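What follows is the residue order along each chain.
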Amino acid sequence: MIHSKFARRSTSALGVAAVLALTLSACGGNVANSGASEEGTEFPSGPVTLTIGQDPGGSTDLIGRAIAENASEALGAPMPVVNKPGANGALATQEVANATPDGQTLILLNASLIAITPLAVSEDEAVTLDDLEVISGISQDDYVLVANAESEYETVEDIVAAGKAFNFATTGVGTGSQLAQALLFKQAGVEGTDVPFDGGSPAMTAILGNQVDFATIQLGEAMPQIEAGTLRPIVTFSDERNQYLPDVPTALEAGYDVPVSQYRAIAAPKGTPEPALEKLREAVSAAFESEEYKTFNEENLFTPHEIDGEQVTEEWTANAAKYKELVEKYDIDLGGE
């Protein structure tokens, strides 16, 4: 909201108020207000939109809506969620990066878009953190390799011993699901054909329908079917055993260098004023501390990874370098061609 220029009316109270408003404006509105931007405008000046580059109903969408719901009170403004799926979140991220940097438009980021997708697309199509201000890390969501419970495969050793080629479902080109599955099979010497789907739900439908032999999907999406006994977990791809599947080994434990998890963060366009960023950090932190949000994480099997923006950038940059090294070492093509 830009301050109006009022004409001075020295003989009225209105004129006095106008002069005072002009004085404050000339000083940049630099009063004790942590939500004021560098230009002196109030923040937030209206609803703060959280854009999500995935379809409604998936893990990323659920997390975004939970944060928006629990951050709006501390922010002092509504936080509507807008889904703009496409290109693994690249289209939505680029749109937000090009938005006015006033803190009113945010993006929920998946680490795979920054650290893995660039390995599958051209340099012009790749998305980086250079045009964004990372506000906070959010969570870790582990991938799990699953087979149909009716199949004969229970371990990676069983898959290797079969000595044949398999079809495996992933959640899309340039995703952590695709990278984890491809790395595992390549290191294990297993022939496999990647069948990319648009998300975890159709990939899970394919494995349940025996259209593919295996699938790598996020734990939160697979767990209901694992608990129902229709899917069998073989390995997870996290650094350590997942707290929700303590009896399932990691790929690392099985002897394969496949440390791939999905991390998420929330960001604003580059150049967003620091006062606005600080208020956004406070609002997101308030969401993290709410009992409702903590319960949401537990019910959806998400592991909190609530780190600051600088740590997010360091970790995602390091992961990108690690994944690039592994892809080159094992001559893996993620392009989906």
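Residues numbered from 1 in each chain as written. Predicted model: local features only at pLDDT ≥ 70, side-chain atom pairs only at ≥ 80, totals over all residues. Heavy atoms only, no water.

**Q** How would you sum up the packing of aromatic side chains? Please name residues and give values.
**A** Summed over all chains, the structure comprises 9 aromatic pairs. Put simply, the rings of Tyr-153, Phe-166, Phe-168, Phe-185 and Phe-214 touch in pairs and so form one group of aromatic residues. (Phe/Tyr/Trp six-rings, centres within 6.5 Å; stacked < 30°, edge-to-face > 60°.)

**Q** Mind laying out the packing of helix α2 (residues 59-75) against helix α10 (residues 291-299), listing which residues take part and the relevant values?
**A** Where α2 meets α10, the axes come as close as 9 Å, and the angle between the chain directions of the two elements is 170 degrees. Taken together, the axes of α2 and α10 are roughly antiparallel relative to one another. Between α2 and α10, the contacting residues are Leu-62, Ile-63, Ala-66, Ile-67, Glu-69 and Asn-70 on the first element and Glu-292, Tyr-293 and Phe-296 on the second. By residue class, the composition of the contact of α2 with α10 is 6 nonpolar, 1 polar and 2 charged. (Axes fitted to C-alpha atoms, helices over the stretch in contact; angles between N-to-C directions. Helix = DSSP H or I, 4+ residues; strand = E, 2+ residues; numbered from the N terminus. Parallel < 35°, antiparallel > 145°, perpendicular 65-115°, else oblique. Contact = heavy atoms within 4.5 Å. Nonpolar A, V, L, I, M, F, W, Y, C, P; charged D, E, K, R; others polar.)

**Q** For helix α7 (residues 200-208), give the residues involved together with the corresponding values.
**A** Because each turn of an α-helix spans 3.6 residues, side chains separated by three or four positions in sequence point in the same direction. Restricting attention to buried positions, one finds in α7 the residues Gly-200, Ala-203, Met-204, Ala-206 and Ile-207. Buried residues of α7, seen end-on, are gathered within an arc of 155 degrees and therefore sit on one face of the element. Where α7 is buried, its residues meet β4 (132-148), β5 (166-170), β7 (214-218), α8 (219-228) and β8 (231-236). Just downstream of α7 lies Asn-210, where phi reads positive at about 60 degrees. (Buried < 20%, exposed > 50% of the residue type's maximum accessible area, 1.4 Å probe, protein only. Arc of directions from axis to C-beta.)

**Q** An account of the pairing of β7 is needed here, citing residue identities and associated values.
**A** Judged by how many residues are buried, β7 sits mostly within the fold: 5 of 5 residues are covered. Summarising the sheet, β4 and β7 pair through 5 bridges and their orientation is antiparallel. Residue pairing for β7: Ala-147 is matched across the bridge by Phe-214. Here β5 pairs with β7 via 2 bridges, running parallel. Bridging from a neighbouring strand, Phe-168 pairs with Phe-214 of β7. (Pairing = 2+ DSSP bridges.)

**Q** Tell me about the pairing of β8, residues and numbers included.
**A** In terms of residue burial, β8 counts as a mostly covered element, since 6 of its 6 residues are buried. One ladder, built from 5 bridges, connects β4 with β8; its direction is antiparallel. Pairing of Leu-145 across the sheet is with Val-235, part of β8.

**Q** Mind laying out α10, listing which residues take part and the relevant values?
**A** Buried within α10 we find Tyr-293, Phe-296 and Asn-297. Buried residues of α10 fall within an arc of 100 degrees about the axis and therefore sit on the same side. Every exposed residue of α10 that faces more than 90 degrees away from the buried side is listed here: Glu-291, Glu-298 and Glu-299. Contacts made by the buried residues of α10 are with α2, β4, α9 (274-289) and β10 (303-304). Directly beyond the C-terminal end of α10, a positive phi value near 65 degrees is found at Leu-301.

**Q** Hey, could you go over the confidence of the model for the chain for me, with residue numbers and the actual values?
**A** It should be kept in mind that the predicted coordinates are not to be read in detail where pLDDT is low. When pLDDT is averaged across the chain, the result is 87; 87% of the residues are at 70 or more. Note on residues 1-40: pLDDT under 50 across the span, and 30 contacts to partners over four residues away in sequence or across chains. (pLDDT = per-residue confidence, 0-100.)

**Q** Outline unusual backbone geometry, supporting the account with residue identities and numerical values.
**A** Most peptide bonds take the trans form, and the phi angle of most residues other than glycine is negative. A cis amide bond links Phe-43 to the next residue, Pro-44, at an omega of 0 degrees. Its identity as a non-glycine residue notwithstanding, Asp-331 has a phi of 50 degrees, on the positive side. Within the secondary structure layout, Asp-331 lies in the segment after α11 (309-329). For Asp-331, a relative accessible area of 63% puts it in the exposed group.

**Q** Explain the nonpolar core residue by residue, including any values.
**A** Judged by nonpolar contacts, the single largest core of 32 residues is most densely connected at Ile-159, Leu-184, Phe-214, Phe-237 and Val-258. Those elements giving two or more residues to this core turn out to be β4, α5 (156-162), β5, α6 (176-188), β8 and α11. Considering each element in turn, this core owes the most residues, 7 residues, to α6. Listed in part, the 28 residues of the second largest apolar core include Ile-63, Ala-71, Met-79 and Phe-296. (Core = buried A, V, L, I, M, F, W, Y, C linked by side-chain atoms within 4.5 Å.)

**Q** Please give an account of the pattern of salt bridges that cites residues and values.
**A** Counting across every chain of the model gives 10 salt bridges. When the shortest N-O distance is used, the salt bridge between Glu-274 and Arg-281 registers 2.7 Å. Looking at Glu-274, the relative accessible area reads 39%, which means it is partly exposed. Here Lys-294 and Glu-289 are joined by a salt bridge, their closest N and O atoms 3.8 Å apart. Its relative accessible area of 54% is what places Glu-289 among the exposed residues. Residues joined in a network through salt bridges with shared partners are Glu-274, Glu-278 and Arg-281. (Salt bridge = Lys/Arg side-chain N within 4 Å of Asp/Glu carboxyl O.)

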